[in-house]
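Observations on the three-dimensional arrangement
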Amino acid sequence: MSDFLARMKAQAAGDRKTIVLPEGEDPRTIEAARRIVEEGLADLVILHNGEEPEPVEGARMVDPRTSPKHEAYAQELRRLRAKKGMTIEQARELVDDATYFGTMMVKMGDADGLVSGACHSTANTLRPALQILKTAPGTKLVSGFMVVCVPDCEYGDHGTFVFSDIGLNEYPDAEALSEIAIASAASWKQLMGTEPHVAMLSYSSHGSANSEYVDKVAEATALVHAKAPGLLCDGELQTDAALDETVGALKAPTSEVAGNADVLVFPNLDAGNIGYKLVQRLAKAEAYGPLLQGIAKPVNDLSRGCSATDIVAVVAITAVQAQLASAE
Ligand SMILES: CC(C)(COP(=O)(O)OP(=O)(O)OC[C@H]1O[C@@H](n2cnc3c(N)ncnc32)[C@H](O)[C@@H]1OP(=O)(O)O)[C@@H](O)C(=O)NCCC(=O)NCCS
Ligand SMILES: CC(=O)OP(=O)(O)O
């Protein structure tokens, strides 16, 4: 287990939060729930839409369709989405769905956070959160990051990185990319407690190639400098220049980030999603997320390729995010 995860688990156990898991039909979720209860990481509510799963001692099992909260959640959902033309009948039908019901639990303060995505696509997991919880104050864009912990690695912070956006925004323009970079830096600071070194990744380093794609990353970097002047952020940089001191000194000699990057901002979702999965599988790295940044309350996604161990980890991280949010 990485030092990062050990720290998250210890912190989660120190002040238990209530986390909702809407995928009671998924065996990995049930296995993870048993371990979470055993390790005392969170109080759990497990939702299911069909046959009741095997009970998990110490966790609450709820079928949204028969829950006494169903009507209140439907009424509130209709109120929240009235401008979008939602009727009470539509709201009742949506609240039958475990992901919508779980998101309403978080909205109404009946849970502190939600983790889902082991057997649902990212779009299905995140749409209710985007529609119901909305962005955090002062934020325009929600994006997704992965905490990646590479074993026996001298790069980043002893092999620990934030990769973003790996889950949500498909082809961000320069403005959106700058928001993703600033949010990723804040996520690093929140979870790691140290100053981030943000690399805006490209196939070019400091003008070694020319194209509209390179220009977009350079423009996003300039926007970050304008919006967050104290932040250590540089681009455009190739991944080898961002990570390795020798290559960084060669390709981007004036850069304060080259050779030291720990927050890797990818130019689009193709690159980010492919990149994290390569590192996770080929380097046998721990990869936790997609974790959401910029959302009003803690909701986090999983890859459908996750293990029970990954779910335990994301629940611990979600609980820590909930602690930090309640301390604000
Ligand atoms: C996340 C995603 C589902 C949202 O798209 P969508 O379902 O088409 O949603 P819409 O554009 O209709 O937006 C739904 C709501 O979310 C909001 N929203 C969408 N993306 C947002 C973002 N990045 N930040 C903040 N709000 C966002 C919209 O403003 C809208 O709010 P409203 O209904 O109150 O007006 C979409 O961006 C997506 O599919 N991304 C790729 C996910 C993926 O496949 N990832 C790969 C695996 S990790
Ligand atoms: C994050 C991600 O890629 O999710 P999935 O593997 O479920 O598509």
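What counts, and at which threshold
The residue numbering used here restarts from 1 in each chain and proceeds along that chain's sequence as written. By the order in which they are written, chains take letters starting at A while ligands take numbers starting at 1. The predicted nature of this model means local features are confined to residues of pLDDT at least 70 and side-chain atom pairs, given and counted, to a pLDDT of 80 or more, with totals for whole chains, interfaces and linings taken over all residues. Think of the side-chain values as coming from all heavy atoms in the structure, minus any hydrogens and water. UniProt positions are given in the numbering used here, feature names are shortened, and annotations may be inferred rather than shown by experiment. To qualify as a nonpolar core, a set must consist of buried Ala, Val, Leu, Ile, Met, Phe, Trp, Tyr and Cys residues joined through side-chain atoms within 4.5 Å. Only protein chains enter the calculation, and the probe is 1.4 Å; a residue is then buried if its accessible area is under 20% of its type maximum, exposed if over 50%, and partly exposed in between. Here a strand is any run of E in DSSP of at least two residues, a helix any run of H or I of at least four, and the numbering for each starts at the N terminus. Pairs of residues are marked as contacts when any of their non-hydrogen atoms sit within 4.5 Å. Throughout, near means a residue has at least one heavy atom within 4 Å of the molecule or strand. Whenever a nitrogen or oxygen atom comes within 3.5 Å of another N or O atom, the pair is scored as a polar contact, on the condition that within protein one atom can donate a hydrogen and the other can accept it, and that pairs from neighbouring residues in sequence are kept only if both atoms are in side chains. Only the protein chains shown count as cover for residues, and all accessible areas are computed by the Shrake-Rupley method using a 1.4 Å probe. Amino acids are sorted into nonpolar (Ala, Val, Leu, Ile, Met, Phe, Trp, Tyr, Cys and Pro), charged (Asp, Glu, Lys and Arg) and polar (every other residue, Gly among them). Scored from 0 to 100, pLDDT reflects the predictor's confidence in each residue. Criterion for a salt bridge: a side-chain nitrogen of Lys or Arg within 4 Å of a carboxyl oxygen of Asp or Glu. Ring pairs are drawn from Phe, Tyr and Trp, using the six-membered ring of Trp, whenever the two centres fall within 6.5 Å, and their geometry is named by plane angle: stacked under 30 degrees, edge-to-face over 60, tilted for the rest.

Under an unreviewed UniProt entry, the name given to the chain is Phosphate acetyltransferase, and the source organism is Granulimonas faecalis. The record held by UniProt for the chain lists under Pathway (unreviewed entry) the comment "Metabolic intermediate biosynthesis; acetyl-CoA biosynthesis; acetyl-CoA from acetate: step 2/2."

Our focus in this paragraph is the nonpolar core. Counting residues in each nonpolar core, the largest one holds 55 residues, and the members touching the most others are F4, L44, V147, L191, V198, M200 and V315. With 10 residues, the single largest contributor to this core is helix α12 (residues 308-327). When sequence neighbours within four positions are dropped, the list of residues in contact with V147 reads F4, T160, F161, V162, L191, M192, E286, A287, Y288 and L291. One finds L77, A129, L292 and I295 within the second-largest nonpolar core, a separate group that totals 27 residues.

What surrounds ligand 2 is the set T122, N273, Y276, K277, P290, S303 and R304. In the model, an oxygen atom of ligand 2 is placed 2.9 Å from a nitrogen or oxygen of the N273 side chain. One of the side-chain nitrogen or oxygen atoms of K277 is found 2.9 Å away from an oxygen atom of ligand 2. If ligand 2 stood free it would expose 260 Å²; the protein chains cover 86% of that surface. A per-class count over the shell around ligand 2 returns 2 nonpolar, 3 polar and 2 charged.

Another aspect to go through is the confidence of the model for the chain. Looking at the chain, pLDDT values average 96 and 100% of them are 70 or higher. Of the two predicted TM-score estimates for the complex, the pTM is 0.96 and the ipTM is 0.96.

Below, the discussion takes up the pattern of salt bridges. Throughout the structure, instances matching the rule amount to 14 salt bridges. A salt bridge links R92 to E71; its shortest N-O distance comes to 2.9 Å. Here R92 is found in helix α4 (residues 88-96), whereas its partner E71 is found in helix α3 (residues 70-80), with 21 residues between them in sequence. Of the residues examined, R92 reaches a relative accessible area of 32% and is grouped as partly exposed. By relative accessible area, which is 33% here, E71 ends up partly exposed. For the salt bridge of K189 with E195, the shortest nitrogen-to-oxygen distance reads 2.8 Å. Relative accessible area serves as the criterion here: at 43%, K189 is assigned to the partly exposed category.

Right, let's get into the packing of aromatic side chains. Summed over the entire model, instances satisfying the criterion amount to 3 aromatic pairs. For the ring pair Y73 and F101, a centre distance of 4.9 Å and an interplane angle of 55° mean the geometry is tilted. In this pair, Y73 is assigned in helix α3 and F101 in helix α5 (residues 98-107), connecting sequence segments 28 residues apart. In this structure, Y73 and F101 share a single accessibility class: buried. Measuring from centroid to centroid gives 5.4 Å for F163 and F266, while their planes differ by 50°, and the two rings are tilted.

Its location among the elements puts S211 in the loop between β7 (198-201) and α8 (212-227). Looking at S211, the relative accessible area reads 18%, which means it is buried.

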